[in-house]
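# Summary of structural features
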Amino acid sequence: MLGAAVTLLAFSLLANLWAQASGADFLDMGPFLTAGPLAAVDVDVRMEHPVRSPSQSSRQSGESLPFSNEISAAVGSSLPSTAATPPATIVASPARHDGGEFEIAIRFAEPVRGAAFLGWPLSLLVESGEIRALSPVDPDGFEWSARIAPLGRRSVSLALAQRGSCRGSTSFCPAVRSKSGPETRVVVAGPPVGARVAERPTHHMARQPIEVLIELSEPVRVGLREIRDRAIRVTNGRVVGVNRVDGRHDLWRVSLLPDPGADLKMVFSPRSGCGADGLRCTGDLHRIVDEFELTIPAARLHLTFDDGPHPSYTPQILDVLARYQAKATFFVVGSSAAAYPELIERIVREGHTLANHTWDHESLAGISERDFNTTLTRTQEHLGEHATACMRPPYYAMDEHTESRAAKLGLRVVLGEIRPRDWTKPGALEIANRLVASAAHARIAILHDGGGDRTQTIEGLELALAYLDQFGYVYEPVCK
């Protein structure tokens, strides 16, 4: 079957040569590729079809033109080839096609007419497309037009390369990649493709890979390694894998390994990775027009301490926090803050924040609005520029007016999800276990640095932070 096809192709070549001898300069390939000045075949992207040109049959017997996966055509001329001055250049081509045929312009260093193509030592290589026609643009033969039919919606790569230098290639001519400049290789992108983040994690934990799903508006044929190397940039982490979900070409799973304790940043930018001309990529990656940046924060815990400051326990808690680079919010009692200004200064100096816990630790449930305003306003004014817009009711005592009254004063009521009940003194290990068991991203832990003996709290806090350190938690103040 293949022999018969080659025979038919040879007849076609002879017919074209006869046409050239008669003075015909226009070469129309029609709906199926033929050969003459153009040696070309309709290539199945999964197969490799070596084909001989007429000149090779008569003068270079045994040497075949390099047709490989998705490479569909070659063109020849008698012009000499030099590395410094290419005998031909691609001078015009569209930036993008819509799935239909398009034209490119090739300019020769010397006039080329008719049979002169037969000895041309360069090949016009077409990836993901077919050459349908070749015709002169100007009467002198310096510029010719090639009509290209893309394979569906895929991008088409065209290049001029030394004949024979691409034999055995499986994707695109290696010589083109390494030696050709912009004037001898162009990429005509297929129709644009959109992209969006279909799924992403809210946070990450230390040494635990995370996944981001990217969905495209239509399937795109591109190598997974090219996606990884060209389209994705990561800060504070690395890409450990890119895979197609269920084999789909429109849904990618990007696996990332974040650095512990740091916010991972991922930039998806296929166009910048492929370059404005698309020459850095070999597939359809540069068809994707959407770009985005996302940040996946490290898991965070908010430590808070009530009832201080205390001259004995607050400094010890600050020492523990410093050992684990943890920042916290201290809900201070106004009268204690006035009694120990040096502790307030240290809390602020070491990067922690201050919030309102009333002036005398009085219950806010059932009190008048005047008394409510007095105890909170007095504390807020004493803290001055270091005060945040947060408050916590002592004893968790609240009524139906607490939140609305606080809001009138510009304060937000902050409670918490992690309550080890350290004030009951259940033991340091139990306090640590309760804190660890309830730890999760963005949760608020309520502990105490004043109001009684807090020795167990200090020991329990140390145990808990030592254990949680392996998960890479970041400890930030809840009020800033």
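As a starting point, this report considers the structure included with it. (Residues numbered from 1 in each chain as written. Predicted model: local features only at pLDDT ≥ 70, side-chain atom pairs only at ≥ 80, totals over all residues. Heavy atoms only, no water.)

Quick look at the sheet that holds strand β11 (residues 195–199) now. One open sheet accounts for 4 strands, arranged β11-β12-β15-β14; its pairing is antiparallel. Two strands close off the open sheet at either side, each with one partner strand: β11 and β14 (237–244). Averaged over all pairs of adjacent strands, the angle between strand axes in this sheet comes to 30°, irrespective of strand direction. Where helix α4 (residues 224–231) meets the sheet, it contacts β14 and β15 (251–258), and its direction lies at approximately 145° from that of β14. (Pairing = 2+ DSSP bridges. Helix = DSSP H or I, 4+ residues; strand = E, 2+ residues; numbered from the N terminus. Axes fitted to C-alpha atoms, helices over the stretch in contact; angles between N-to-C directions. Contact = heavy atoms within 4.5 Å.)

Another aspect to go through is the pattern of salt bridges. In a structure, side chains of opposite charge can pair up when their charged atoms sit close to one another. Taken as a whole and judged by the stated rule, the model has 23 salt bridges. Of the charged contacts, one joins Arg 147 and Glu 101 as a salt bridge, the two residues approaching to 2.7 Å between their closest N and O atoms. With Arg 147 in strand β8 (residues 143–150) and Glu 101 in the loop between β4 (88–92) and β5 (102–108), this residue pair connects regions lying 46 residues apart in the sequence. The partly exposed category is assigned to Arg 147, whose relative accessible area is 23%. Given a relative accessible area of 42%, Glu 101 falls into the partly exposed group. A salt bridge links Arg 248 to Glu 215, with the nearest nitrogen and oxygen atoms 3.9 Å apart. (Salt bridge = Lys/Arg side-chain N within 4 Å of Asp/Glu carboxyl O. Buried < 20%, exposed > 50% of the residue type's maximum accessible area, 1.4 Å probe, protein only.)

This brings us to unusual backbone geometry. Each neighbour pair has its own omega, and for Gly 308 with Pro 309 the value is 0°, a cis peptide bond. Along the polypeptide, Pro 309 turns up in the loop between β18 (300–306) and α6 (313–323). Residues other than glycine seldom take positive phi values, yet Asn 236 does so here, at roughly 65°. Checked against the element boundaries, Asn 236 lands in the loop between β13 (232–235) and β14. The phi dihedral of Asp 307 falls on the positive side, at around 80°, and the residue is not glycine. Relative to the helices and strands, Asp 307 resides in the loop between β18 and α6.

With that settled, the discussion passes to the state of the cysteines. Summed over the entire model, instances satisfying the criterion amount to 2 disulfides. A disulfide bridge connects Cys 274 with Cys 281, and the sulfur atoms are separated by 1.9 Å. Residues Cys 274 and Cys 281 are joined through a disulfide that is left-handed, its torsion about the S-S bond being -85°. Each member of the pair, Cys 274 together with Cys 281, is buried. In this model, Cys 390 is linked to Cys 479 through a disulfide, with the two sulfur atoms separated by 2.2 Å. Across the S-S bond linking Cys 390 and Cys 479, the dihedral sits near -115°, which makes this disulfide left-handed. Taken together, the residues Cys 390 in strand β21 (residues 387–391) and Cys 479 in the segment after β24 (474–475) connect sequence positions 89 residues apart. In this structure Cys 390 comes out as buried when scored by relative accessible area, which is 3%. (Disulfide = S-S within 2.5 Å.)

As a general point, the strands of a sheet are linked pairwise by backbone hydrogen bonds and lie either parallel or antiparallel. Spatial ordering of the open sheet is given by β13-β16-β17, a layout of 3 strands whose pairing is antiparallel. Of all strands in the sheet, those with a lone pairing partner are β13 and β17 (292–296), marking the two edges. Here the strands of the sheet are splayed against their neighbours by 15° on average, with no regard to which way each runs. Bridging between strand β16 (residues 264–268) and β17 involves 5 bridges; their strand directions are antiparallel. Within β17, the residue paired with Phe 268 across the bridge is Phe 292. Lying over the sheet, α4 contacts β13 and β16, oriented at roughly 55° with respect to β13.

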